[in-house]
Amino acid sequence: MIDTHAHIYGTEFDQDRDSVIQRALAQGIDRILLPNIDIDSIAPMLATEAAYPDVCRSMMGLHPCYVKEDVNQVLNTIYNQFEQHDFIAVGEIGIDLYWDKTFKAEQEKALITQLNWAKEFKLPIVIHTRDSINEVMDILKQEQDGSLTGLFHCFGGSVEEAKSINGLGFHLGIGGVSTFKNAGMDQVIPHLDIDMLVLETDCPYLAPVPHRGKRNEPAYTHLVAQRVAGLMAMSIKEIDAITTRNAEKLFQL
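Residues numbered from 1 in each chain as written. Predicted model: local features only at pLDDT ≥ 70, side-chain atom pairs only at ≥ 80, totals over all residues. Heavy atoms only, no water.

The subject of this paragraph is helix H8 (residues 236-251). Between its first and last C-alpha atoms H8 spans 22 Å; for 16 residues at 1.5 Å apiece the expected length is 22 Å, and the two agree. Every buried residue of H8 is listed here: Ile239, Ile242, Thr243, Thr244, Asn246, Ala247, Leu250 and Phe251. Just past H8, the residue Gln252 takes up positive phi, approximately 55 degrees. (Helix = DSSP H or I, 4+ residues; strand = E, 2+ residues; numbered from the N terminus. Expected span 1.5 Å × (residues − 1). Buried < 20%, exposed > 50% of the residue type's maximum accessible area, 1.4 Å probe, protein only.)

Taken together, three strands build an open sheet; the order of strands is S1-S2-S3 and the sheet is parallel. Both edges of this open sheet fall to strand S1 (2-3) and strand S3 (56-58), since each of them pairs with a single strand only. Note that strand S2 (residues 31-34) and S3 share three bridges and pair parallel. Bridged to Leu34 within S3 is Ser58. (Pairing = 2+ DSSP bridges.)

Okay, the pattern of salt bridges next. One pass over the full model with this rule turns up 13 salt bridges. A salt bridge links Glu143 to Lys119; the shortest N-O distance between them is 3.5 Å. Of the two residues, Glu143 sits in helix H5 (residues 133-143) while Lys119 sits in helix H4 (residues 104-121), which places them 24 residues apart along the sequence. The exposure class assigned to Lys119 is partly exposed, which follows from its relative accessible area of 23%. Across the pair Asp145 and Lys119 runs a salt bridge whose closest N-O atoms are separated by 3.9 Å. Of the two residues, Asp145 sits in the loop between H5 and strand S6 (150-152) while Lys119 sits in helix H4, which places them 26 residues apart along the sequence. (Salt bridge = Lys/Arg side-chain N within 4 Å of Asp/Glu carboxyl O.)

This part takes up the packing of aromatic side chains. For any pair of aromatic rings, the description consists of the separation of the ring centres together with the inter-plane angle of the planes. According to the stated counting rule, one finds seven aromatic pairs in the structure shown. Ring centres 5.4 Å apart and planes at 50 degrees place the aromatic pair Tyr79 and Trp117 in the tilted group. Within this pair, whereas Tyr79 is found in helix H3 (residues 71-84), its partner Trp117 is found in helix H4, the two being separated by 38 residues in sequence. With relative accessibility at 25%, the residue Tyr79 sits in the partly exposed group. On the basis of relative accessibility, which here comes to 6%, the residue Trp117 falls in the buried class. Summarising the aromatic geometry, the rings of Phe82 and Phe121 are spaced 4.7 Å apart at their centres and angled 15 degrees between planes, so their arrangement reads as stacked. Separated by 39 residues along the polypeptide, Phe82 in helix H3 and Phe121 in helix H4 bring together distant segments of the chain. Overall, Phe121 belongs to the partly exposed group, its relative accessible area being 28%. (Phe/Tyr/Trp six-rings, centres within 6.5 Å; stacked < 30°, edge-to-face > 60°.)

Below, the discussion takes up the packing of H3 against H4. Packing of H3 against H4 brings their axes to within 11 Å, and their N-to-C directions diverge by 20 degrees. Classified by the interaxial angle, the pair formed by H3 and H4 is roughly parallel. For the element pair H3 and H4, the recorded crossing hand is right-handed. Residue-level inspection shows Val71, Asn72, Leu75, Ile78, Tyr79 and Phe82 of H3 in contact with H4, the latter providing Glu106, Lys109, Ala110, Thr113, Gln114, Trp117, Glu120 and Phe121. The residue inventory of the contact of H3 with H4, partitioned by class, reads eight nonpolar, three polar and three charged. (Axes fitted to C-alpha atoms, helices over the stretch in contact; angles between N-to-C directions. Parallel < 35°, antiparallel > 145°, perpendicular 65-115°, else oblique. Left-handed = near helix turned anticlockwise from the far one by under 90°. Contact = heavy atoms within 4.5 Å. Nonpolar A, V, L, I, M, F, W, Y, C, P; charged D, E, K, R; others polar.)

Looking at where Val55 falls in the secondary structure, it is placed in the loop between helix H2 (39-51) and S3. Separated by 53 residues in sequence, Val55 and Ile2 place their C-alpha atoms 9.4 Å apart. Other than its neighbours up to four places away in sequence, Val55 contacts Leu25, Asp30, Arg31 and Ile32.

Spatially, S4-S5-S6-S7-S8 is the arrangement adopted by the five strands of the open sheet, whose pairing is parallel. Whereas interior strands pair on both sides, the edge strands pair on one side only; in this sheet they are strand S4 (90-96) and strand S8 (197-199). Within the sheet, the average angular offset between the axes of one strand and its neighbour, ignoring direction, is 30 degrees. Bridge analysis of S4 against strand S5 (residues 125-130) gives six bridges, and the strand direction is parallel. Residue pairing in the sheet places Gly94 in a bridge with His128 of S5. Where helix H6 (residues 159-167) meets the sheet, it contacts S6 and strand S7 (170-174), and its direction lies at approximately 135 degrees from that of S7. In the packing of helix H7 (residues 221-232) onto the sheet, the strands contacted are S7 and S8, and the crossing angle to S8 comes to about 145 degrees.

By themselves these figures say nothing about function.
Right, here's the structure in full:
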């Protein structure tokens, strides 16, 4: 099983990162993909990958919540990382209008810039959307030239949104939100295309039930698989095999 989105390089895991990795391996999660968020996260992320090279693989990108007035300078710094390291994706990128709309224009510019990096380096993208699905979709429709691939991580939208995303050639990352009773995903997941799904945690955030509200970790990927399997009337073994194959193909693992 693959956790396609985990921030285990964060300070939340500084005291027990090795134990977290071991618990994941014990649950059958043998690969953990690390999305970058800003300049400060680069060093700890790459250090985590170096410490667990058989398990962890890194992405490179600027998260929309960290886009400020100095976006051009920050993007230049992040772009230079691609010359120094082999990344599996451009991410985590996107638009977030939940907390603050101050830098909406800068977020849109940063997204388009990083989509062009994906085209240049022939890498998939990992997209973050929050209160911004329409804005992101509009940009993707303009920028999709047939070469862009990737996924919308932490998907919690409607069946119609899922179909639109898949129609543009993008996968969906399913995580802990799928286990939340009030999220409505029990009405959505049964209608999704299993060949366009991957599993994730987004740890340390969004821990699945029964750990909701606590620190999330990659081992809980199996709880997400369990939920998806139940809603799709499939076995966990089938969900594991298909989503693993999807992630391996998407990220060229």
